[in-house]
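Notes for the structure review
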Amino acid sequence: MRLSLGGHDVVVVDDHDQILPTFTPSIWRDLLANFKQRYQYFEELCNVEYVMPIYNHGPEAAASIKHPHAQIFSSSIVPNSIARETVYTSRYFSENKSCPFCELILHEKEQNTRVLFENDSFISFNFYAARFPFETWILPKRHESHYKTITTRGENDLIDIMRSTFNCFEKVLKNPPLNFYIHSSPATHSNEKLPYYHWHIEILPRLSNYGGYELGSNIIIDVITPEQAADFLRIGIRT
Ligand SMILES: [Zn+2]
Ligand SMILES: [Zn+2]
């Protein structure tokens, strides 16, 4: 057993009435710049192993206050979800000599059944193994393991794809409760580019709850396939 250390920032949006789909490019720019700065700050601290910006929207997604806000957690441990991702992606890389996330992007583009938006730097698609209906991932198209290396051009393209994705959710799902978070490389690798890890954003609309089987088995029964979810969301893109 050891003492748990860490940090917790709350990033407050000035305007009480904003929701994710109404965030202006300027709000997104400030938010993303804040994430980048705090990655840089926390990863310099000797006790920090992992940094994770998150956003909760709506009581069903555990947002404890209504005022729009993001949070940034830094911890002295690597969370299990990240440990699993890094273990299995590094194993995949050593067996196949390629990043599984880069391959996922190629696969999604080829299949084109789950892709929602794409610009020069980013792609968003419904995740093929969704844990919740409409689970959407956003990845940089070029291999980058650390969020903090994002360029100004990359930030502009990320703002574009975040706004398109949340606008689409708003049109089709009508202000759904949701969580999103950034998965980036652990702080212990903060100064090296990992060939097997590819930072990404996971967005989880919270329109359904887990039952006993999901909780007992960790096997998720989807009520809608990711392909059907993408078709449904594409109606919002066309209108
Ligand atoms: Zn990659
Ligand atoms: Zn992830």
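Presented here is a report on the structure given in the accompanying data block. This is a predicted model, so every value here is computed, not measured.

**Here's the deal with the coordination of the zinc ion (ligand 2)**
- Note on the zinc ion (ligand 2): its protein donors are Glu85 (OE), His183 (ND1), His200 (NE2) and Glu202 (OE). The metal-donor distances range over 1.9 to 2.1 Å.
- Geometry at the zinc ion (ligand 2) is tetrahedral, judged from its four donor atoms and the angles of 93 to 125° they form at the metal.
- Read N to C, the donor residues that coordinate the zinc ion (ligand 2) are spaced as E-x97-H-x16-H-x1-E.
- The class for His200 is buried, based on a relative accessible area of 0%.

**Focus on helix H6 (residues 226-238)**
- Across its 13 residues, H6 extends 18 Å between first and last C-alpha, which sits within 8% of the 18 Å expected from 1.5 Å per residue.
- Here H6 has its buried residues at Pro226, Ala229, Ala230, Leu233, Arg234 and Gly236. Mapping the buried residues of H6 onto a view down its axis gives an arc of 145°, with all of them on the same face.
- Looking at the buried positions of H6, the neighbouring elements they touch are strand S4 (115-118), strand S5 (122-126) and helix H4 (152-173).

**Details of helix H1 (residues 25-43)**
- With 19 residues, H1 should reach 27 Å at 1.5 Å per residue; the first-to-last C-alpha distance of 27 Å fits that figure.
- Residues of H1 that are buried: Ile27, Trp28, Leu31, Leu32, Phe35, Tyr39, Phe42 and Glu43. Seen from one end, H1 has its buried residues packed into an arc of 125°, which puts them on one side.
- Along its buried surface, H1 packs onto strand S1 (6-12), strand S2 (50-57), strand S3 (69-75), H4 and strand S7 (178-183).

What counts, and where the lines are drawn
- Residues numbered from 1 in each chain as written.
- Chains lettered and ligands numbered in written order.
- Predicted model: local features only at pLDDT ≥ 70, side-chain atom pairs only at ≥ 80, totals over all residues.
- Heavy atoms only, no water.
- Donors = N, O, S within 2.8 Å, 3.2 Å for Na, K, Ca; no water.
- Tetrahedral: all angles 85-135°; square planar, octahedral: opposite > 155°, others 65-115°.
- Buried < 20%, exposed > 50% of the residue type's maximum accessible area, 1.4 Å probe, protein only.
- Helix = DSSP H or I, 4+ residues; strand = E, 2+ residues; numbered from the N terminus.
- Expected span 1.5 Å × (residues − 1).
- Arc of directions from axis to C-beta.
- Contact = heavy atoms within 4.5 Å.

Any functional reading would require information that these geometric values do not contain.
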